[in-house]
Amino acid sequence: MLFSSGLFGDDRLRDLVGRYVTPDLLTAVAAEHAKGRRLLVVTTNLDAKRAMIWNMGVIAASGAPNAVDLFRDVLTASASIPAVFPPQLLDVQVGDRTFQELHVDGSVVTPVFTVPQAFMVGDGRTGVAPRKSDIYVLMNGRVEPEFELVTNNTLSIVEQAVATGSQARSRASLAATYAFSRAHRIGFHLTYIDEGAPRTSTARGFNTAYMRSLYQAGYDKARSGSAWRGDVPVSPLAAKVIASTK
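None of the values given here were measured: they were computed from a predicted structure.

Q: So what exactly am I meant to see when it comes to the environment of Gly63 here?
A: Considering the arrangement of structural elements, one finds Gly63 in the loop between helix 3 (56-61) and helix 4 (67-78). Here Gly63 falls in the exposed class, since its relative accessible area comes to 68%. Separated by 37 residues in sequence, Gly63 and Leu26 place their C-alpha atoms 9.5 Å apart.

And the structure:
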């Protein structure tokens, strides 16, 4: 792992995504794009150290000979967790120069993409006021910090450090989105894997039984009508501090 670009091979994830990215899929995406719907995918450009937002409908409707390959590459890059899957090399042309950029999972920079940053800062430079709407955020992960003993070895420490950083960025992004929605009177709705969801003893890899139990928990939560909450959860310690100041 230390001398390669990812824990898994170069082609596993790309081949998996490639099974579903077909000309028929692009035709369907292009049809929805023509109706005004937008499919946006975020990757992280490691060379530029910033997030890249891809309008997949434009790619699908372009008719370019490399549209299917580019669509597949962007989706693969957006799921390429650093150190787990290798980054994707995307061809770029600037003027007369052609080169390749390294792209990985968009969560490295922005774990939650809801509103462009220019709107978030609220400085008025965009000149566009947000329309009355609702924001629904579906988090495929846990948001609330939890205590967990970490084994004192390199891989466990790296894993926990990455997970902790990702969770902190997720909470910061959610907090910014929540503040933006309140400032502009936009509905905010959040659901995530909460404390009541099942856990797995398997630290790495995919556990089919766990994923099925997690799916069932989410399904039952949705059926109960309690899937969405209107704020961002705070840790128990933070809740005590807030309560003590009131």
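Q: Explain the environment of Tyr20 to me, please; I cannot follow it from the model alone.
A: Its location among the elements puts Tyr20 in the loop between helix 1 (12-18) and helix 2 (23-34). When its relative accessible area of 58% is taken as the criterion, Tyr20 is described as exposed. As for Tyr20 and Arg72, which are separated by 52 residues in sequence, their C-alpha atoms are 8.7 Å apart.

Q: What exactly am I supposed to notice about the pairing of strand 2 (residues 50-55) here?
A: Residues in a regular strand project their side chains so that they alternate between the two faces of the sheet. Where strand 1 (residues 40-45) and strand 2 come together, 6 bridges link them in antiparallel fashion. Across the sheet, residue Leu40 finds its bridge partner in strand 2, namely Asn55. With antiparallel pairing between neighbouring strands as the criterion, strand 1 and strand 2 make up a hairpin whose turn holds 4 residues, including Lys49 at a positive phi of roughly 60 degrees.

Q: Would you explain the sheet that holds strand 4 (residues 97-105) in this entry?
A: Strand pairing in a sheet takes place through backbone hydrogen bonds and is either antiparallel or parallel in direction. Read across the open sheet, the 4 strands follow the order 2-1-4-3; overall the sheet is antiparallel. Single-partner strands in this sheet number two, and they are strand 2 and strand 3 (88-94). Pairs of neighbouring strands in the sheet enclose a mean axial angle of 50 degrees, with direction left out of account. Most of the contacts of helix 4 go to strand 1, to which it runs at about 65 degrees, and overall it touches strand 1, strand 2, strand 3 and strand 4.

Q: I'm lost on the nonpolar core in this one. Help?
A: If you look at soluble globular proteins, the nonpolar side chains tend to sit buried side by side. Of all hydrophobic cores here, the largest spans 16 residues; its most connected members are Leu26, Trp54, Met56, Ile59, Ala60 and Phe71. Contributing elements (two or more residues each) for this core: helix 1, helix 2, helix 3 and helix 4. Residues in contact with Ala60, not counting those within four places in the same chain, are Leu26, Val29, Ala30 and Phe71. Judged by nonpolar contacts, the second largest core, of 13 residues, contains Met139, Leu174, Phe180 and Leu190.

Q: Is there a simple way to explain the packing of helix 2 against helix 4 in this structure?
A: Helix-helix packing: each pair is described by the crossing angle between the helix axes and the interaxial distance. It is the contact of helix 2 with helix 4, at a shortest axis distance of 10 Å, that shows an interaxial angle of 85 degrees. Of the possible angle classes, the one that applies to helix 2 and helix 4 is roughly perpendicular. Facing helix 2, whose interface residues are Pro23, Leu25, Leu26 and Val29, helix 4 presents Ala67, Val68 and Phe71.

Q: Would you mind showing me how to read the pattern of salt bridges here?
A: Tallying each qualifying case throughout the model produces 7 salt bridges. Among the salt bridges present, the one from Asp73 reaches Arg14, with a minimum N-O distance of 2.9 Å. Pair noted here: Asp73 is in helix 4 and Arg14 is in helix 1, with a separation of 59 residues, a long-range link. With relative accessibility at 24%, the residue Arg14 sits in the partly exposed group. A salt bridge links Arg72 to Asp73; its shortest N-O distance comes to 3.6 Å. Residue Asp73 is classed as buried on the basis of its relative accessible area of 12%.

Q: What is the right way to read the side chain of Asn45 from this model?
A: Following the sequence through the fold, Asn45 ends up in strand 1. A relative accessible area of 2% means that Asn45 is categorised as buried. A distance of 3.0 Å separates the side chain of Asn45 from the backbone nitrogen of Ala48, its partner in a polar contact.

Q: Even after reading the chapter, I still don't get the packing of aromatic side chains, so can you show me in this structure?
A: Both the distance between ring centres and the angle between the ring planes are used here to describe each pair of aromatic rings. Here the structure, examined in full by the defined rule, presents 3 aromatic pairs. Taking the centre distance of 5.2 Å and the plane angle of 65 degrees together, the rings of Tyr178 and Phe188 count as edge-to-face. Here Tyr178 is found in helix 6 (residues 154-183), whereas its partner Phe188 is found in strand 6 (residues 187-191), with 10 residues between them in sequence. A relative accessible area of 22% means that Tyr178 is categorised as partly exposed. The ring of Tyr192 carries Lys221 above its face, with NZ or CZ at 5.7 Å from the centroid.

Conventions used here
Note that residues are indexed from 1 along each chain, following the sequence as it is written. Only residues with pLDDT of at least 70 get local features here, since the model is predicted, and only at 80 or more are side-chain atom pairs given and counted; chain-wide, interface and lining totals rely on the full set of residues. Heavy atoms from the whole structure form the basis of all side-chain values; hydrogens and water molecules are not counted. Strands here are runs of E lasting at least two residues and helices are runs of H or I lasting at least four, both read from the DSSP assignment and numbered beginning at the N terminus. Accessibility here uses a 1.4 Å probe with only protein chains present; expressed as a share of the type maximum, an area under 20% marks a residue as buried, one over 50% as exposed, and anything in between as partly exposed. When DSSP locates at least two bridges between a pair of strands, those strands are taken to pair. Axes, fitted as lines to C-alpha atoms, cover a helix only where it is in contact. Angles between the N-to-C directions of the axes lie from 0 to 180 degrees. Should any heavy atoms of two residues lie within 4.5 Å, those residues are considered in contact. Here, nonpolar core refers to any group of buried Ala, Val, Leu, Ile, Met, Phe, Trp, Tyr and Cys residues whose side-chain atoms link them within 4.5 Å. Note on angle classes: values under 35 degrees are labelled roughly parallel, values over 145 roughly antiparallel, values of 65 to 115 roughly perpendicular, and the remainder oblique. Between Lys or Arg on one side and Asp or Glu on the other, a salt bridge is scored when a side-chain nitrogen of the former is within 4 Å of a carboxyl oxygen of the latter. N or O atoms within 3.5 Å of each other form a polar contact, as long as, within protein, one can give a hydrogen and the other can take it, and as long as residues adjacent in sequence are counted only when both atoms are side-chain atoms. Any Phe, Tyr or Trp ring, taking Trp's six-membered ring, that has another such ring centre within 6.5 Å forms a pair; planes under 30 degrees apart are called stacked, those over 60 apart edge-to-face, and the others tilted. Charge over a ring is defined by NZ of Lys or CZ of Arg lying within 6 Å of the ring centre and within 35 degrees of the ring normal.

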